[in-house]
Amino acid sequence: TLTIQNCTITFSSGKGILVERGAGLTVQGSTLTLGTGNSPCNLASEQTNFWAGIKCVGSIANSGSATINISQSSIILAHIGVSGSSYNLITGYYEDFPCNLTCTGGSSFINNKIGVSMGTPNSSLKFWNSSVITNSNLPTVSFISGISLYQQKYASIIQGHFENSV
């Protein structure tokens, strides 16, 4: 398990964190955001307006689920804040990977194209006392969503705050 605690980490556009099946990531009291040299105000292309976010990835050789715990932290200006899917360049399709995501302690997903996207029956989402906020000052993008769930069996949203999210 990788632990990011009491840090601010900036990413270049298109870059992010990959969490393999069977591995873990804990983000506590931290901010993960797009680097200032990549400000949406300075960029024309939708692809360069965001860092990639946190993605669950894996292979058949790796078993289990990726485990991500986010507490008292902010995910800002990510393409997808946390994603249980990854694009396969060979097949041209998205592949879904089991991902167990827990967001607590007032964590915020701010101005992300998509806050959370989960899509396997074996994944779980616990979104407790956290928020998804999308402000109108974002550059025009084709799709903005707070939380996108499909084929989801285990989802729990308690005291969630969604502001300007569709």
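Shown above is the structure to which this text applies.
Because the structure is predicted, anything quoted here is derived from the model rather than measured.

Draft legend 1. Broad picture of the nonpolar core. Core analysis: the largest hydrophobic core is formed by 30 residues, its most contacted members being Leu32, Ile54, Ile68, Ile70, Leu101 and Phe109. Mapped onto this core, the elements with two or more residues apiece are strand 3 (16-20), strand 4 (24-28), strand 5 (31-34), strand 6 (53-57), strand 7 (66-71), strand 12 (99-104), strand 14 (114-118) and strand 15 (124-128). When neighbours within four sequence positions are excluded, Leu32 is seen to be in contact with Ile4, Ile9, Phe11, Ile17, Val27, Trp51, Ile54, Ser74, Ile75 and Ile76.

Draft legend 2. Focus on unusual backbone geometry. With a phi angle near 50°, Asn6 is a residue other than glycine that sits in the positive phi range. Within the element layout of this structure, Asn6 appears in the loop between strand 1 (2-5) and strand 2 (8-11). On the basis of relative accessible area, Asn6 is assigned to the exposed category, the value being 60%. Of note, Gln72 is a non-glycine position whose phi angle comes to about 50°, a positive value.

Draft legend 3. How the structure looks around the pairing of strand 12. A one-sided burial pattern is seen for strand 12, the buried positions being Cys99, Leu101 and Cys103 and the unburied ones Asn100, Thr102 and Thr104. Inspection of the sheet shows strand 7 paired to strand 12 by six bridges, in the parallel sense. When the bridges of strand 12 are listed, Asn69 appears paired with Thr102. Both strand 12 and strand 15 contribute to a ladder of four bridges, which runs parallel. Looking across to strand 15, one finds that Leu101 is bridged to Leu125.

Draft legend 4. How the structure looks around the packing of aromatic side chains. Using the criterion set out here, one finds two aromatic pairs in the structure. For the ring pair Phe109 and Phe127, a centre distance of 6.1 Å and an interplane angle of 40° mean the geometry is tilted. Pair noted here: Phe109 is in strand 13 (residues 108-110) and Phe127 is in strand 15, with a separation of 18 residues, a long-range link. The pair Phe109 / Phe127 is uniform in exposure class, with both members buried.

Draft legend 5. Spotlight on the sheet that holds strand 4. With parallel pairing, the six strands of this open sheet are ordered in space as 1-4-7-12-15-18. One side of each edge strand has no neighbouring strand; the edge strands of this open sheet are strand 1 and strand 18 (154-158). Put simply, the sheet's adjacent strands are angled 5° from each other on average, direction ignored.

Draft legend 6. Spotlight on the environment of Ile70. Residue placement: Ile70 occurs in strand 7. Those residues in contact with Ile70 that sit more than four places away from it in its chain are Val27, Ile54, Ile75, Val82, Leu101, Thr102, Cys103, Thr104, Ser107 and Phe109.

Conventions used here
- Residues numbered from 1 in each chain as written.
- Predicted model: local features only at pLDDT ≥ 70, side-chain atom pairs only at ≥ 80, totals over all residues.
- Heavy atoms only, no water.
- Core = buried A, V, L, I, M, F, W, Y, C linked by side-chain atoms within 4.5 Å.
- Buried < 20%, exposed > 50% of the residue type's maximum accessible area, 1.4 Å probe, protein only.
- Helix = DSSP H or I, 4+ residues; strand = E, 2+ residues; numbered from the N terminus.
- Contact = heavy atoms within 4.5 Å.
- Pairing = 2+ DSSP bridges.
- Phe/Tyr/Trp six-rings, centres within 6.5 Å; stacked < 30°, edge-to-face > 60°.
- Axes fitted to C-alpha atoms, helices over the stretch in contact; angles between N-to-C directions.

Nothing here speaks to function; it is geometry throughout.
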